[in-house]
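# A look at the structure
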Amino acid sequence: MSRPARATIHLDALRHNLAVARRCAPDARAMAVLKANAYGHGLLPVAHELADQADAFAVSCLEEALPLREAGLSHRIVLLEGFFEAGELPILAARQVDAVIHQPWQIDALEAVDSSHPIDCWIKVDTGMGRLGFAPDEAGEARERLQRLPAVGTIRWMTHLASADEPDSPQTAEQLARFGSLGIPFGSEGEGDTSSAANSAATLRWPQAHADWVRPGILLYGASPFVDPSVHEALRPAMTLSSQLISVKTLPRGHGVGYGGRFVCPEAMPVGIVAMGYGDGYPRHAPDGTPVLVNGIRVPLIGRVSMDMLAVDLRPVPDARVGDSAILWGDNPTAGEIARHCGTISYELFCRLTPRVPRVYRRSSQE
Ligand SMILES: Cc1ncc(COP(=O)(O)O)c(C=O)c1O
């Protein structure tokens, strides 16, 4: 492998983070959210690593579910957006993949399908997210219709919280109250297997939301779901995005750096070029000053990010040389920190990492 850009995935961190979630929600089952290629970390390696700790996996579509079955994983797999067309139903039935049901047409489709392998369904209730789901006053009818169908197996309930990452928002309590008012046997009142509400933020911070199944996503990958960084100390970043300096040179005062000359050298200064760009998924709009770790020292990004390269101000590390390491995110700086510089969230940084970046899987014993 010649180009030095890579994403090292720390398998022990994934395990550690799921263990944190389980400790926070000891009475709930854990559905590890692996959609979008396990948030860019690699669907199958992450699934295999978490197979003995997770009770179920959640993905967004059949295309993400089938590789899990083909890899021999027999866990419950939940399609968070359900099925997109009736033609998928025979595959869901044959491969025993659960569907989230959020629209009446999906119930119509289940009414019309052959019933030899019933499909377990999760009725999605829109308790305030304003995205997928039946309104609370439509949920009972959806259940009645589903209960009559031989094509439907066990029926469970799901909702999604819009503001669990904001500890002071009243919305979570309001959503949970609406979910509770549906009369679903919740937590220990049921058989511990009827309902799910909690994403990562709620798993960590909202015990009232744990219900029977928690659905941690971002926390598995070691990024905080919160803006407040102090609440994610227990998590370990599962990805280190790194590369190397491929050029080091001194530019004179007044020299521009990169397209458009956004950065102008205020003095003669050493400038390093890192083999990492927006073609790898590093955000093109990263502003000057976004931190990059060169030889263990934080240096500021300067100039516009190009497709394959970005520039850094090497004045804090004047002895840096070609071949020296550059860490774009990991333990320091964290993906959350880079995301804040770029006006986004760590989720987006992870998901936008392109296939060009090799994912290298490591255990701490190999590091
Ligand atoms: C329905 C649903 N549940 C759970 C999650 C996991 O959320 P998080 O990554 O914040 O834990 C998501 C992610 O967007 C989701 O859409």
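Here we summarise the structure given alongside this text. Just so you know, these numbers come straight off a predicted model, no measurement behind them. (Residues numbered from 1 in each chain as written. Predicted model: local features only at pLDDT ≥ 70, side-chain atom pairs only at ≥ 80, totals over all residues. Heavy atoms only, no water.)

## Observations regarding the site of the ligand
What surrounds the ligand is a group of 13 residues, the closest being Lys 35, Tyr 39, Ser 200, Ile 218 and Tyr 347. In the environment of the ligand, an oxygen atom lies 2.8 Å from a nitrogen or oxygen atom belonging to the side chain of Lys 35. Arg 215 is positioned such that a nitrogen or oxygen atom in its side chain is 2.9 Å from a nitrogen atom of the ligand. Burial of the ligand by the protein amounts to 91% of the accessible area it has alone, namely 390 Å². Per-class residue counts for the shell around the ligand are six nonpolar, four polar and three charged. (Near = heavy atom within 4 Å. Polar contact = N/O pair within 3.5 Å; in protein donor to acceptor, adjacent residues only side chain to side chain. Areas by Shrake-Rupley, 256 points an atom, 1.4 Å probe, with all protein chains shown as cover. Nonpolar A, V, L, I, M, F, W, Y, C, P; charged D, E, K, R; others polar.)

## Focus: the packing of helix H1 (residues 11-24) against helix H3 (residues 43-50)
What describes two packed helices is the angle between their axes and the distance between those same axes. The contact between H1 and H3 brings their axes to 10 Å, and the two run at 55°. The angle between H1 and H3 falls in the class oblique. In terms of crossing hand, the pair formed by H1 and H3 is right-handed. The residues of H3 that touch H1, namely those facing Leu 11, Leu 14, Arg 15 and Leu 18, are Val 46, Glu 49 and Leu 50. (Axes fitted to C-alpha atoms, helices over the stretch in contact; angles between N-to-C directions. Helix = DSSP H or I, 4+ residues; strand = E, 2+ residues; numbered from the N terminus. Parallel < 35°, antiparallel > 145°, perpendicular 65-115°, else oblique. Left-handed = near helix turned anticlockwise from the far one by under 90°. Contact = heavy atoms within 4.5 Å.)

## So, the pattern of salt bridges
In total, this model carries 19 salt bridges according to the counting rule given. The residue Arg 22 makes a salt bridge to Asp 55 at a minimum N-O spacing of 3.0 Å. Note that Arg 22 is positioned in helix H1 and Asp 55 in the loop between H3 and strand S3 (56-59), a separation of 33 residues in sequence. The shortest N-O distance in the salt bridge between Arg 298 and Glu 337 comes to 2.3 Å. Of the two residues, Arg 298 is situated in strand S15 (residues 297-302) and Glu 337 in helix H10 (residues 335-342); the sequence distance between them amounts to 39 residues. (Salt bridge = Lys/Arg side-chain N within 4 Å of Asp/Glu carboxyl O.)

## A few points about a negative patch on the surface
Side chains of Asp 137, Glu 138, Glu 141 and Glu 144 sit close together on the surface and give a patch of like negative charge. Topologically, Asp 137 is positioned in helix H7 (residues 136-147). (Patch = residues over 30% accessible without salt bridge, like charges linked within 9 Å, V, L, I, M, F, W, Y side chains within 5 Å. Lys, Arg positive; Asp, Glu negative; His and termini not counted. Charge placed at Lys NZ, Arg CZ, Asp CG, Glu CD.)

## Here we look at the sheet that holds strand S9 (residues 213-214)
An order of S2-S3-S4-S5-S6-S7-S8-S9 is seen for the eight strands of this closed barrel, with the pairing classed as parallel. When S3 meets strand S4 (residues 76-79), the two strands line up parallel, connected through four bridges. When the sheet's bridge partners are listed, Ala 56 is paired in S4 with Arg 76. Across the sheet, helix H4 (residues 62-70) is in contact with S3 and S4; its angle to S4 comes to roughly 170°. (Pairing = 2+ DSSP bridges.)

## With respect to the packing of H3 against H4
With their axes 10 Å apart at the nearest point, H3 and H4 run at an angle of 55° to one another. Considered as vectors, H3 and H4 are oriented oblique to each other. The element H3 and its partner H4 pack so that their crossing is right-handed. Taken together, the residues of H4 that come into contact with H3 (itself represented by Leu 43, Leu 44 and Ala 47) are Glu 64, Pro 67 and Leu 68. Counted by class, the contact of H3 with H4 contains five nonpolar, no polar and one charged residues.

## As for the nonpolar core
By size, the foremost hydrophobic cluster in this structure holds 110 residues, and its most contacted members are Leu 34, Leu 110, Tyr 282, Val 294 and Trp 329. In terms of residue count, H1 provides more of this core than any other element does, six residues in total. Shared between two domains, this core takes at least three residues from each, and those domains are domain 1 (11-224) and domain 2 (239-366). Each residue touching Tyr 282, except ones within four places of it in the same chain, is listed here: Met 276, Gly 277, Thr 290, Leu 301, Val 305, Leu 310, Leu 328, Trp 329 and Ile 338. Core analysis: the next-biggest nonpolar cluster, separate from the first, contains nine residues, Phe 263, Cys 265, Met 269 and Val 271 among them. (Core = buried A, V, L, I, M, F, W, Y, C linked by side-chain atoms within 4.5 Å. Buried < 20%, exposed > 50% of the residue type's maximum accessible area, 1.4 Å probe, protein only. Domains from an automatic or database assignment.)

## Topic: the side chain of Gln 53
Mapped onto the fold, Gln 53 is located in the loop between H3 and S3. The buried category is assigned to Gln 53, whose relative accessible area is 15%. In this view, Gln 53 contacts Arg 15, Leu 18, Ala 19 and Arg 22; residues no more than four positions away in its chain are not counted.

## Brief notes about the environment of Asp 52
Summarising the element assignment, Asp 52 is placed in the loop between H3 and S3. Remark: the alpha-carbon pair of Asp 52 and Asp 98, spanning 46 residues in sequence, is separated by 20 Å.

Any functional reading would require information that these geometric values do not contain.
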